[in-house]
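Chain by chain, the residues run as shown.
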Amino acid sequence: MVFLSKGAAPAREERLHVASRLHAFNRFELKYLVPVERAAEIRDELAERMDRDAHSPVGGYGVWSLYYDTPDLRFYWEKIEGLKFRRKLRIRHYGDLAGVTDDSPVCVEIKQRVNRVTQKRRITLPYGTARRLCDDRELIEHAPRESAFVQEVLELVVRLNLRPTAITGYQREALVGRDADTGLRVTFDRRIRGRDRDFHFGIPTPENRFTVPPHMAVMEIKVNERTPHWITDLAARRNLNLVRISKYVQSVEAFGLAPRSVFHIDESDCPPPTPTDETPLSRRPARPTASPKAGTP
């Protein structure tokens, strides 16, 4: 199916020499929910056998995603029902949101699950161009190699009447495997927050809310084929338990767009540790309010 809009420019043959902006990969993902302090300890232990991602500075980097869904939240319910094949469409920005303009690079990404394998396909575009594709439903100019993906995004948006639904944001630190573990990647996401309005990345004073308790972090182990045995041993030694958690689902449910599911992580599920006399005051976590606001990015 081909969509053409007024003024849209199809791919030109003379652009065949231009490198494609399309990127795709498959992998398995394992997720764990751990207190922030324990996450730091695990990160330091992993760093003895892994390298810091070249794009991950000390303290991590921001990741912001605008998710699209149908008016009846089809993608949300596909996740809740655990369909073996499901998809999500999002626009993702890496880094600080301050100063985001129509020229800022973002990724338009389709993330899909096929049985146990997570597949991602994405294209890097200027932010304004990405919004024209996903919001205005306009066929953007693209290279021949990118045509199938661009058409798929446009077909999804039009056929399913997709619209911006929720934004998620968090601070991520990433480690990558070395030597025989080159396909290994471990990420630690903290300060996980979101909003259900003000969907422009460049809005000056967004009101974000924590969608995962702020004293908790999500640790993800991502591998191309199999998890290294030493990672499995580490998880067992530290009593890490696999969880099913989706940052998009958290945002949908945190703002009352849908009922809370068994996959929802709430404050009551993982309350902050209670300070004891043996815990130094400087390390005692502050107990958040019932509905903490995450503030501006």
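Residues numbered from 1 in each chain as written. Predicted model: local features only at pLDDT ≥ 70, side-chain atom pairs only at ≥ 80, totals over all residues. Heavy atoms only, no water.

J.: What is the right way to look at the overall build of the protein chain in this model?
T.: Within the protein chain one finds six helices and eleven strands. Going through the 297 residues of the protein chain one by one, you find that 50% of them count as buried. Of all intrachain contacts in the protein chain linking residues separated by at least 6 positions in sequence, the fraction that spans at least 24 positions is 73%. Put simply, the protein chain shows about 14900 Å² of open surface, and 51% of that area lies on carbon and sulfur atoms. (Helix = DSSP H or I, 4+ residues; strand = E, 2+ residues; numbered from the N terminus. Buried < 20%, exposed > 50% of the residue type's maximum accessible area, 1.4 Å probe, protein only. Contact = heavy atoms within 4.5 Å. Areas by Shrake-Rupley, 256 points an atom, 1.4 Å probe, with all protein chains shown as cover.)

J.: I'm lost on the packing of helix 1 (residues 36–46) against helix 5 (residues 229–237) in this one. Help?
T.: Any two packed helices are characterised by the angle at which their axes cross and by the distance between the axes. Relative orientation of the contacting elements helix 1 and helix 5 amounts to 150 degrees, with a least axis distance of 12 Å. By the angle between their axes, helix 1 is roughly antiparallel relative to helix 5. Handedness of the crossing formed by helix 1 with helix 5: right-handed. Across from I42, E45 and L46 in helix 1, the residues of helix 5 making contact are W230, I231, L234 and R237. Of the residues contributing to the contact of helix 1 with helix 5, the split by class is five nonpolar, no polar and two charged. (Axes fitted to C-alpha atoms, helices over the stretch in contact; angles between N-to-C directions. Parallel < 35°, antiparallel > 145°, perpendicular 65-115°, else oblique. Left-handed = near helix turned anticlockwise from the far one by under 90°. Nonpolar A, V, L, I, M, F, W, Y, C, P; charged D, E, K, R; others polar.)

J.: Would you mind going over the pairing of strand 10 (residues 216–223) with me for this structure?
T.: Both faces of the sheet carry side chains from a regular strand, because those side chains alternate between them. Along strand 10, eight of the eight residues are buried, which leaves the element largely enclosed by surrounding structure. Burial along strand 10 is two-sided: M216, V218, E220 and K222 facing one way and A217, M219, I221 and V223 facing the other are all buried. Alignment of strand 8 (residues 185–195) against strand 10, held across five bridges, turns out to be antiparallel. Within strand 10, the residue paired with V186 across the bridge is I221. (Pairing = 2+ DSSP bridges.)

J.: So what exactly am I meant to see when it comes to helix 6 (residues 247–254) here?
T.: Helical geometry note: an α-helix holds 3.6 residues per turn, so side chains three or four residues apart project in the same direction. Counting buried positions along helix 6 gives eight out of eight residues, so the element sits mostly inside the fold. When we look at burial in helix 6, the residues that qualify are K247, Y248, V249, Q250, S251, V252, E253 and A254. Directly after helix 6, the chain includes G256, whose backbone phi takes a positive value near 70 degrees.

J.: Before we go on, may I ask you to explain the packing of aromatic side chains in this structure?
T.: The description of an aromatic ring pair uses the distance of the two centres, along with the angle that the planes make with each other. Summed over the entire model, instances satisfying the criterion amount to four aromatic pairs. When the ring of Y67 is compared with that of Y248, the centres are 4.9 Å apart and the planes differ by 25 degrees; the resulting orientation is stacked. One end of the pair, Y67, is in strand 3 (residues 61–69); the other, Y248, is in helix 6, with 181 residues separating them in the sequence. The exposure class assigned to Y248 is buried, which follows from its relative accessible area of 2%. Above the face of the Y170 ring, K247 is positioned so that its terminal group lies 4.6 Å from the ring centre. (Phe/Tyr/Trp six-rings, centres within 6.5 Å; stacked < 30°, edge-to-face > 60°. Lys NZ or Arg CZ within 6 Å of the ring centre and 35° of its normal.)

J.: Looking at this structure, I do not really get the pattern of salt bridges. What am I missing?
T.: Two side chains that carry opposite charge are able to pair once their charged atoms sit near each other. Within the structure shown, the criterion is met by 24 salt bridges. Here E173 makes a salt bridge to R43, at a shortest N to O gap of 3.1 Å. Here E173, found in strand 7 (residues 163–177), pairs with R43, found in helix 1; they are 130 residues apart in sequence, far enough to count as distant. Notably, a salt bridge pairs R131 with D135, separated by 2.3 Å at the nearest N-O pair. Assessed through its relative accessible area of 17%, R131 is described here as buried. On the basis of relative accessibility, which here comes to 26%, the residue D135 falls in the partly exposed class. (Salt bridge = Lys/Arg side-chain N within 4 Å of Asp/Glu carboxyl O.)

J.: What am I meant to see in the nonpolar core here?
T.: Nonpolar side chains in soluble globular proteins tend to be buried together. Counting residues in each nonpolar core, the largest one holds 30 residues, and the members touching the most others are L89, I91, V108, L133, V153 and F201. Looking at which element gives the most residues to this core, the answer is helix 4 (residues 147–160), with seven residues. Among residues more than four places away in sequence, those in contact with L89 are L66, Y67, Y68, F75, V108, E109, I110, C134, V153, V157 and L162. Counting residues in hydrophobic clusters, the runner-up holds 19 residues, among them L184, M219, V223 and L234. (Core = buried A, V, L, I, M, F, W, Y, C linked by side-chain atoms within 4.5 Å.)

J.: Hey, could you run me through the environment of E267 in this one?
T.: Its place among the elements puts E267 in the loop between helix 6 and strand 11 (293–295). Remark: the alpha-carbon pair of E267 and T211, spanning 56 residues in sequence, is separated by 9.5 Å.

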